[in-house]
Structures are given as structure tokens and as C-alpha cells.
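Now for the letters of each chain:
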Amino acid sequence: MADRPLHVLEPKRKERRSPSVRWGKRFGPRLRRAALFIGFLAFACFLVPRDPAFEVMTLREGYPAKRDLIAPFQFYLLKDRTVLRHEQAVAARQVAPVYSIDPAAARGTEGLLDSLRSFESGADGRGGPVTSLGLSPETARALSGADGRRIVALARGIAENAYASGIVPDMESARDATDANGIALERDGMRFEKPWSAVADPSSLRDRAWDEGQRAFPSRPEATQALQELLDVAVRPNLRYEASTTERLRTEAREAVNPYDGLVRKDEKIIGSHELATADHIRKVESLRAWGSRMHAENDWREGVSTVLGRVVLLAFLVIGFLGYLRLHHPAVYKETPHLFLLAFLTALVMSIGWVVVNQLRGYEMLIPITILSLTAALLWGNALAFAATFTASLFTGV
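An account of the accompanying structure is given in this report. Since this is a predicted model, take the numbers as computed values, not measurements.

Across its full length, the protein carries 18 helices and 8 strands. A buried classification covers 36% of the 399 residues belonging to the protein. Taking all contacts inside the protein whose residues are at least 6 apart in sequence as the whole, residues at least 24 apart take part in 77%. For the protein, the computed accessible surface area is about 24,800 Å², with 58% contributed by carbon and sulfur atoms.

Given below as C-alpha cells:
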């Protein structure tokens with residue numbers, strides 16, 4: 001017992017692993033490759049969608065076309081936007097403003113003039129409805145004098161004739177807003193045209209009152225002035241402007257303008273390859289896009305789903321083929337997930353820059369920096385893998 005050596009037993013220490021090691025142990029290489037595969041497909045299909053109107057979106061005035069563009073079907077040519085807007089503005093100004101009759105205005109004026117006519121005040125003109133109207137002292141004295149009843153009778157006749165024809169608040173502004181020859185008057189559910197000459201306004205009422213006053217009181221200018229002031233106070237416009245109805249009619253007039261001018265037949269060449277695009281070419285291409293969206297409704301979700309599914313299948317086929325190539329000829333790269341992630345990141349970067357160059361900056365596909373992927377892959381893994389990665393990325397960009 002004394003010859004046997006003594007051993008000191010120590011507790012076994014648990015080694016602390018880094019987060020990357022724990023993550024790698026928890027998720028195996030197959031699961032990581034599958035997650036990378038799904039994430040790349042989602043990015044390629046949804047984050048960078050293919051523009052369905054590629055030809056239309058990349059054609060700019062003064063720049064050469066990339067390829068021939070042939071009309072796939074017969075369609076009508078849209079008018080120039082400036083010409084169309086001018087014609088729509090002219091059509092809208094031809095619409096007569098719509099007015100409706102307010103019967104309360106005529107009743108209020110009639111009641112006021114009747115109360116003045118039946119009122120008999122003293123010679124001083126104090127009290128009664130004359131002074132309550134806010135008239136000037138000269139007008140109050142004229143209405144309270146011997147010619148008062150006659151002035152009120154003339155005002156009543158002028159008001160009745162004006163209300164029968166209609167009184168607008170402001171003739172000048174109403175005529176400036178339209179090129180029509182009159183107004184559209186709504187009465188009893190019907191609408192009929194009325195010329196401007198048959199409509200009155202406060203300014204024309206003053207002129208009419210002056211003429212009537214000169215004939216009735218040739219030597220009494222104060223009576224004529226009293227007649228004018230009485231009409232200014234008592235008469236209110238009885239035609240109410242219907243803004244919503246007028247704007248609806250003007251909108252209908254704008255929409256009724258024919259937006260087409262000319263015809264492009266099927267198989268007709270719109271623009272040739274490397275031909276400089278002009279305004280006429282742009283108009284034809286915009287007309288083609290408008291008719292294309294009209295034939296294929298934008299709310300047809302089945303067409304969008306089929307497009308996305310087709311692109312998913314094609315991209316998945318390309319990715320699986322590239323992974324098969326890596327597994328056969330570059331197994332070391334295939335087994336290392338960081339290498340695959342770097343390849344996926346570089347390919348996604350090239351696709352994103354290509355989408356920005358083509359769809360946002362309206363550039364050419366030749367400006368896509370595909371050499372970023374090829375040079376990086378050649379430096380890290382060799383020329384063979386660089387060629388395969390560049391070829392696959394080019395197909396990704398074109399899908």
C-alpha cells in the first residue's frame with residue numbers, strides 16, 4: 001500500500017464554445033444550405049422582380065433602341081399628352097355652369113318691399129323698416145317722402161322681372177370660368193340652357209334701376225339714387241351655383257374626348273435595333289403599353305402568380321445545377337457554408353445593381369458589373385469555378 005502512488009482527482013472542466021460553433025452544431029450543413037437556397041430564391045423572385053414592361057421602360061428619347069420592337073397586335077395610337085390635355089381643357093370649358101333656383105330669395109325681397117309699400121311714416125322718416133335697412137339718410141328721406149311709394153313700386157317691378165330671368169352673384173367671374181354661351185338652369189328636375197343676355201346680376205340691376213329712375217323721375221336724381229340703393233339692399237341673387245354638378249359634367253366632357261389619333265397595325269415595326277428613339281417612337285411604345293395593360297387586367301392575380309411560380313422554378317433549376325457542379329468538381333467549397341454564402345451574396349449584389357441600372361437608371365445590360373463576381377471567384381477558388389459562377393449569374397440577371 002505504501003508503494004502505490006497517490007493520484008489527485010480533479011473535476012472535469014467543461015470547455016466553453018463560441019456562438020458560431022454552437023450554431024454550427026445545432027444546425028447541420030444540410031439545413032444551412034437549404035436555408036441559404038430558400039433565402040436566395042426569395043430575394044431573386046420578390047425583392048428584385050422582373051419588370052414585365054421591359055421594352056417600354058428602357059426606351060428613352062434620343063437614345064438608341066436595344067433591339068427591334070414589332071407591334072404584337074393592332075392598337076390605336078395615343079395622342080400627344082399636351083394636345084390631349086388642351087382638347088380636354090377646351091371640352092371642359094364648353095360645359096355651361098349649372099345653377100339652381102333659390103325661391104327663398106324672391107320671397108324675402110317681396111316681403112320686404114311689401115312692408116315698405118304699406119308703411120306710412122312721418123315726414124322726418126324716423127322709425128319703421130326704412131331706417132332698419134341701413135340706408136343712407138338721403139335714401140331714407142326719399143322713401144319717406146311723396147315719391148316713396150312710387151320708388152318701392154318700381155323696385156318691386158324690377159325685382160320681379162330680374163327674379164323671373166334669374167340673378168347670378170357675379171356675372172363677370174361666371175363668364176370667365178367657361179366658354180359656354182350661357183348657363184344651365186335646373187328647375188323641377190329639368191335642366192335647360194339660358195343665354196347670358198337673359199340673366200341678371202347686381203351690376204346690371206343697378207344699370208336697369210338707373211334707366212328706370214331717369215324715365216320716372218327726370219328731374220329728381222335723389223329718387224333715382226334711392227331706387228338704386230333700395231335694390232342693392234333688398235334684392236339678393238336667386239341662382240345658386242352647383243359646383244359638384246358642374247365639375248361632374250366637366251369631368252365627363254374631359255373623359256369623352258377621344259384619346260387616340262392614328263393606328264398601328266399588327267407586325268408593324270415600331271422602332272429598329274440601334275435606332276435613335278424619337279417622340280413619335282415613345283408615343284407608340286406608350287400606346288402599346290396602355291393597350292397591353294388594357295388587354296391584360298392588372299387585377300388578374302392568376303397571371304401574376306403563374307409568372308412568379310415560373311420564375312421560381314427556373315431559378316431553382318439554375319441554382320440546383322450550379323450546386324451540383326460544386327458538389328462534383330469543388331466539394332471543398334460545397335461543404336463550407338461560408339463559401340456558399342459568399343457566392344450567394346456576390347450574385348445577389350450583382351442582380352441588385354443590375355436591377356438598379358436597368359430599371360431605375362434606364363441604362364443598358366452592359367453596365368451591370370458582372371466582373372465583381374468573376375474576379376472574386378477567380379481569386380478565391382480558381383478560374384473554373386469563376387467561369388461557372390459568372391455564367392450562372394448572367395442567367396440569373398436575364399431571368
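Back to the write-up after that little detour.
Structurally, the position occupied by arginine 250 is in helix α12 (residues 243–256). In this structure arginine 250 is buried but unpaired, with glutamate 247 as the nearest side chain of opposite charge at 4.7 Å. For arginine 250, the side chain forms a polar contact with the main-chain oxygen of alanine 177, separated by 3.5 Å. Every residue in contact with arginine 250, bar those within four places of it in the chain, is listed here: Ala92, Val95, Ala177, Thr178 and Tyr241.

A separate point is the nonpolar core. Ranked by internal contacts, the top residues of the largest apolar core, which has 26 residues, are Leu113, Ile151, Ile167, Leu227, Leu230, Leu231 and Val235. For this core, the secondary structure elements donating two or more residues are α5 (103–118), α7 (137–144), α8 (148–165), α10 (202–216) and α11 (221–234). Counting residues in hydrophobic clusters, the runner-up holds 17 residues, among them Leu326, Leu346, Trp381 and Ala389.

Turning to the sheet that holds strand β6 (residues 239–241), a few remarks are in order. Here 4 strands make up an open sheet; going across it, the order is β5-β4-β3-β6 and the pairing mixed. Two strands in the sheet have a free side with no partner beyond their single neighbour: β5 (190–195) and β6. Taken pair by pair, the neighbouring strands of this sheet meet at an average axis angle of 40°, ignoring direction. Of the pairings in the sheet, the one linking strand β4 (residues 182–187) to β5 comprises 6 bridges and is antiparallel in character.

Counted by the stated rule, this structure contains 16 salt bridges. Ionic pairing is found between glutamate 186 and arginine 191, a salt bridge with its closest N-O pair at 3.0 Å. Since its relative accessible area comes to 26%, glutamate 186 is described here as partly exposed. Put simply, Asp102, Arg240 and Glu242 are held in one network by salt bridges that share partners.

Scoring rules and cut-offs
Residues numbered from 1 in each chain as written. Predicted model: local features only at pLDDT ≥ 70, side-chain atom pairs only at ≥ 80, totals over all residues. Heavy atoms only, no water. Helix = DSSP H or I, 4+ residues; strand = E, 2+ residues; numbered from the N terminus. Buried < 20%, exposed > 50% of the residue type's maximum accessible area, 1.4 Å probe, protein only. Contact = heavy atoms within 4.5 Å. Areas by Shrake-Rupley, 256 points an atom, 1.4 Å probe, with all protein chains shown as cover. Lys, Arg positive; Asp, Glu negative; His and termini not counted. Salt bridge = Lys/Arg side-chain N within 4 Å of Asp/Glu carboxyl O. Polar contact = N/O pair within 3.5 Å; in protein donor to acceptor, adjacent residues only side chain to side chain. Core = buried A, V, L, I, M, F, W, Y, C linked by side-chain atoms within 4.5 Å. Pairing = 2+ DSSP bridges. Axes fitted to C-alpha atoms, helices over the stretch in contact; angles between N-to-C directions.

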